[in-house]
Amino acid sequence: MSKRVQGELSKLKSGEGNQLLFPSRDGEQIKHISRTFERAVKTIGLNKGITDRKQKIVFHSLRHTYASRLVDKGVSIYEVKELLGHKDIKMTMRYSHLDKERLRKSVQVLDE
């Protein structure tokens with residue numbers, strides 16, 4: 001967990017018992033987070049006009065974004081593999097999308 005996330009979580013008031021971090025509208029435990037996420041995406045309009053199923057934002061997109069951002073910040077693919085809990089690095093490679101600029105910078109290291 002990043003220090004930023006820890007800081008935000010520490011701001012929450014300590015309560016008795018099992019306090020919910022993200023309660024439902026009625027204050028209860030969310031049973032299907034992916035449905036809640038789907039409603040939020042629909043309300044915001046993130047998938048508006050997107051017809052290709054593979055391009056749509058879904059709950060699992062957060063995992064892909066997490067992996068890609070780690071790689072973009074220079075975290076090794078092995079470390080990302082461990083953080084995601086993958087057994088095989090081939091799966092991690094599917095999650096980390098390297099853009100052309102990142103690849104170009106990788107080669108430029110040899111010029112230094």
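Our structure's up above, just so we're on the same page.
Nothing here was measured: the structure is a model prediction, and the numbers come from that model.

Novice: When you look at the overall build of the chain in this model, what are you seeing that I'm missing?
Specialist: Helices and strands together make up the secondary structure of the chain, namely six helices and zero strands. When the helices and strands of the chain are read in sequence order from the N terminus, they spell out α-α-α-α-α-α. Out of the 112 residues belonging to the chain, those deemed buried represent 13%. Nonlocal contacts in the chain, meaning residues at least 24 apart in sequence, comprise 30% of its contacts between residues at least 6 apart. Surface exposure of the chain reaches about 10,200 Å², of which carbon and sulfur atoms provide 54%.

Novice: Which parts of the structure should I look at to understand the packing of helix 3 (residues 61-72) against helix 4 (residues 77-84)?
Specialist: A pair of packed helices is characterised by two quantities: the angle between their axes and the separation of those axes. Relative orientation of the contacting elements helix 3 and helix 4 amounts to 150°, with a least axis distance of 9 Å. In terms of orientation, helix 3 lies roughly antiparallel with respect to helix 4. You can see that helix 3 and helix 4 cross each other, and the crossing is right-handed. From helix 3, Arg-63, Tyr-66, Ala-67, Leu-70 and Val-71 reach across to helix 4, where they touch Ile-77, Val-80, Leu-83 and Leu-84.

Novice: Would you mind going over the layout of surface pockets with me for this structure?
Specialist: Rolled over the atoms, a probe with the dimensions of a water molecule shows which regions are left empty. Computed from the structure, the second largest pocket encloses a volume of approximately 280 Å³. Lining of the second largest pocket is provided by 11 residues; of these, Lys-54, Lys-56, Val-58, Ser-61 and His-64 occupy positions nearest its centre. Considered class by class, the residues forming the lining of the second largest pocket number two nonpolar, six polar and three charged.

Novice: Even after reading the chapter, I still don't get the pattern of salt bridges, so can you show me in this structure?
Specialist: Oppositely charged side chains can pair when the atoms bearing their charge come close. Considering all chains together, one arrives at one salt bridge under this definition. Glu-82 is paired through a salt bridge with Lys-81; the nearest N and O atoms lie 2.8 Å apart. Owing to a relative accessible area of 43%, Glu-82 belongs among the partly exposed residues under this scheme.

Novice: What am I meant to see in the nonpolar core here?
Specialist: Inside soluble globular proteins, nonpolar side chains tend to come together where they are buried. If you look at the biggest cluster of nonpolar residues, it comprises six residues: Ala-67, Leu-70, Val-71, Val-80, Leu-84 and Tyr-95. Every element with two or more residues in this core is listed here: helix 3 and helix 4. With three residues, helix 3 is the largest single contributor of residues to this core.

What counts as what
- Residues numbered from 1 in each chain as written.
- Predicted model: local features only at pLDDT ≥ 70, side-chain atom pairs only at ≥ 80, totals over all residues.
- Heavy atoms only, no water.
- Helix = DSSP H or I, 4+ residues; strand = E, 2+ residues; numbered from the N terminus.
- Buried < 20%, exposed > 50% of the residue type's maximum accessible area, 1.4 Å probe, protein only.
- Contact = heavy atoms within 4.5 Å.
- Areas by Shrake-Rupley, 256 points an atom, 1.4 Å probe, with all protein chains shown as cover.
- Axes fitted to C-alpha atoms, helices over the stretch in contact; angles between N-to-C directions.
- Parallel < 35°, antiparallel > 145°, perpendicular 65-115°, else oblique.
- Left-handed = near helix turned anticlockwise from the far one by under 90°.
- 1 Å grid on protein atoms, 1.4 Å probe; cavity = no way out; pocket = protein on both sides within 12 Å on 5 of 7 lines; lining within 4 Å.
- Points joined across faces, edges and corners; volume = space filled by probe spheres on them.
- Nonpolar A, V, L, I, M, F, W, Y, C, P; charged D, E, K, R; others polar.
- Salt bridge = Lys/Arg side-chain N within 4 Å of Asp/Glu carboxyl O.
- Core = buried A, V, L, I, M, F, W, Y, C linked by side-chain atoms within 4.5 Å.

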